[in-house]
Amino acid sequence: MLIDSFGRLHTYLRISLTERCNLRCQYCMPAEGVELTSKDHLLSTEEIIRLSSLFVGSGVDKIRLTGGEPTIRKDIEEICLQLSNLKGLKTLAITTNGIVLAKKLPKLKESGLTSINISLDTLVPAKFEFMTRRKGLEKVMESIDAAIQLGYNPVKVNCVVMRGLNDDEICDFVELTREKPINVRFIEFMPFDGNVWNVKKLVPYAEMLDKVMQRFGGVKRLKDHHTDTAKNFMIDGHCGTVSFITSMTEHFCSGCNRLRLLADGNFKVCLFGPSEVSLRDPLRSGVDDDGLKEIIGAAVKRKKAAHAGMFDLAKTTNRPMIHIGG
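None of the values given here were measured: they were computed from a predicted structure.

Caption draft 1: Up close: helix H3 (residues 101-110). Within H3 the residues assigned to the buried category are Leu101, Ala102, Lys104, Leu105 and Leu108. Taken end-on, H3 shows its buried residues confined to a sector of 145°, consistent with a single buried face. The outward face of H3, more than 90 degrees from its buried face, is lined by the exposed residues Lys103 and Glu110. Taken together, the buried residues of H3 touch helix H2 (76-84), strand E3 (91-96), strand E4 (115-119) and helix H5 (137-149). Immediately downstream of H3, the backbone of Gly112 shows phi near 110°, a positive value.

Caption draft 2: A look at the nonpolar core. Within the largest apolar cluster, 73 residues are counted, with the highest numbers of intra-cluster contacts made by Phe55, Ile63, Leu65, Ile116, Phe186, Phe244 and Phe267. By residue number, the principal contributor to this core is helix H1 (residues 45-57), which donates 6 residues. Non-local contacts of Ile116, meaning those with residues more than four positions away in its chain, are made with Ile94, Leu101, Leu105, Ala147, Tyr152, Pro154, Val155 and Lys156. Grouped together as the second largest cluster of nonpolar side chains are 14 residues, Met131, Leu165, Phe189 and Met248 included.

Caption draft 3: Quick peek at the pairing of strand E6 (residues 182-188). Here E6 lies mainly inside the structure; 7 of its 7 residues are buried. By the alternation rule, side chains of E6 split into Ile182, Val184, Phe186 and Glu188 and Asn183, Arg185 and Ile187, which are all buried. Examined bridge by bridge, strand E5 (residues 155-161) and E6 share 7 bridges and lie parallel to one another. From the neighbouring strand, Lys156 faces E6, where its bridge partner is Asn183. On the question of chirality, the crossover connecting E5 to the parallel E6 by way of helix H6 (residues 170-179) is right-handed.

Caption draft 4: Summary view of the packing of H6 against helix H7 (residues 205-215). Axis separation between H6 and H7 bottoms out at 10 Å; the angle between their running directions is 60°. Crossing of H6 against H7: the hand is right-handed. In this structure, H6 uses Ile170, Cys171, Val174 and Glu175 to contact H7, whose residues at the interface are Met208, Lys211, Val212 and Arg215. Here the contact of H6 with H7 is composed, by residue class, of 5 nonpolar, no polar and 3 charged.

Caption draft 5: Up close: the packing of aromatic side chains. This structure, assessed with the given rule, holds 5 aromatic pairs. Geometrically, the ring pair formed by Phe55 and Phe267 is tilted, given 5.5 Å between the ring centres and 50° between the ring planes. With Phe55 in helix H1 and Phe267 in strand E11 (residues 266-268), this residue pair connects regions lying 212 residues apart in the sequence. Neither residue differs from the other here; Phe55 and Phe267 are each classed as buried. Both rings, one in Tyr205 and one in Phe244, keep their centres 5.4 Å apart while their planes meet at 55°; by these two values the pair is tilted. You can see Tyr205 sitting in helix H7 and its partner Phe244 sitting in strand E9 (residues 241-245), a full 39 residues away along the chain. Residue Tyr205 is classed as buried on the basis of its relative accessible area, which comes to 9%. A relative accessible area of 1% places Phe244 in the buried class. Here the aromatic residues Phe173, Phe186, Tyr205, Phe233 and Phe244 are joined through ring pairs into a cluster of three or more. Sitting over the ring of Tyr12, Lys62 keeps its end group 4.5 Å from the ring centre. Note that Lys109 overlies the ring of Tyr152, its terminal NZ or CZ placed 5.5 Å from the centroid.

Reading guide: rules and limits
Residues numbered from 1 in each chain as written. Predicted model: local features only at pLDDT ≥ 70, side-chain atom pairs only at ≥ 80, totals over all residues. Heavy atoms only, no water. Buried < 20%, exposed > 50% of the residue type's maximum accessible area, 1.4 Å probe, protein only. Helix = DSSP H or I, 4+ residues; strand = E, 2+ residues; numbered from the N terminus. Arc of directions from axis to C-beta. Contact = heavy atoms within 4.5 Å. Core = buried A, V, L, I, M, F, W, Y, C linked by side-chain atoms within 4.5 Å. Pairing = 2+ DSSP bridges. Right-handed = clockwise from strand over helix to strand, strands pointing away. Axes fitted to C-alpha atoms, helices over the stretch in contact; angles between N-to-C directions. Left-handed = near helix turned anticlockwise from the far one by under 90°. Nonpolar A, V, L, I, M, F, W, Y, C, P; charged D, E, K, R; others polar. Phe/Tyr/Trp six-rings, centres within 6.5 Å; stacked < 30°, edge-to-face > 60°. Lys NZ or Arg CZ within 6 Å of the ring centre and 35° of its normal.

Nothing here speaks to function; it is geometry throughout.
Structure representation (structure tokens):
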């Protein structure tokens, strides 16, 4: 069911729990905002668990909860608890902006959350407010420290690098890894509807790595798994690590093992592909598990070998990132 026509086995499902967010990051949400799906058209907890059990039963062993901002969903602890009890699931992760994570994290850990990615694009308070259109840098830093104290290792910090905005902070982010078990992940700026992507804003991986190597000694490449989205490095004397996600300049489609379930129940086999198929509608119309598996399997079989190049992606209609899920 989860092997595509190029022989790629998909073992990683990203589930968007909500389209809502408590930040308004410029690369994620258009300045004018987005129209949100009505609540009755979003997946319920029961529907999320049922679909997740089908995926896990078909070989998915890692689930990542995304949004919007997943921590603002009121029943996130219950969702985590039910997902973590699915037989065969090895990793239950979350990608969060960290604004309310610190106070929720002890309960989330008790509920089975095993891995954390925190999105943070600047270490400068005024710049944080400009980029996210909200205050909150202190709360994000508090969440990073809370995750470390609770034993998460590494705590992954996702940083989308944009020229003229935060590319001057690359080495400051690397400093976070010196004393703490943090994996800073620098992400190339990607085009989505409404985020005003421009190639001039893109800072290529090679340029980012060069900045790090000029500042820090003993930068060494680690051995990556063939399904990794990131190129991973260690730095002599640093407790943490540094990674680069090179979606634009060096795609990693050949090892892709990821699938996406959106908050409205649409199923997406490629982040950059506009193609989606509803699982919510057949589920609500009474289609049984075998029927749902057929729909999922057919969509996986249609997955392309690779996504388009960055200039074609910039012209391709796709949903805003807040609809797709980070």
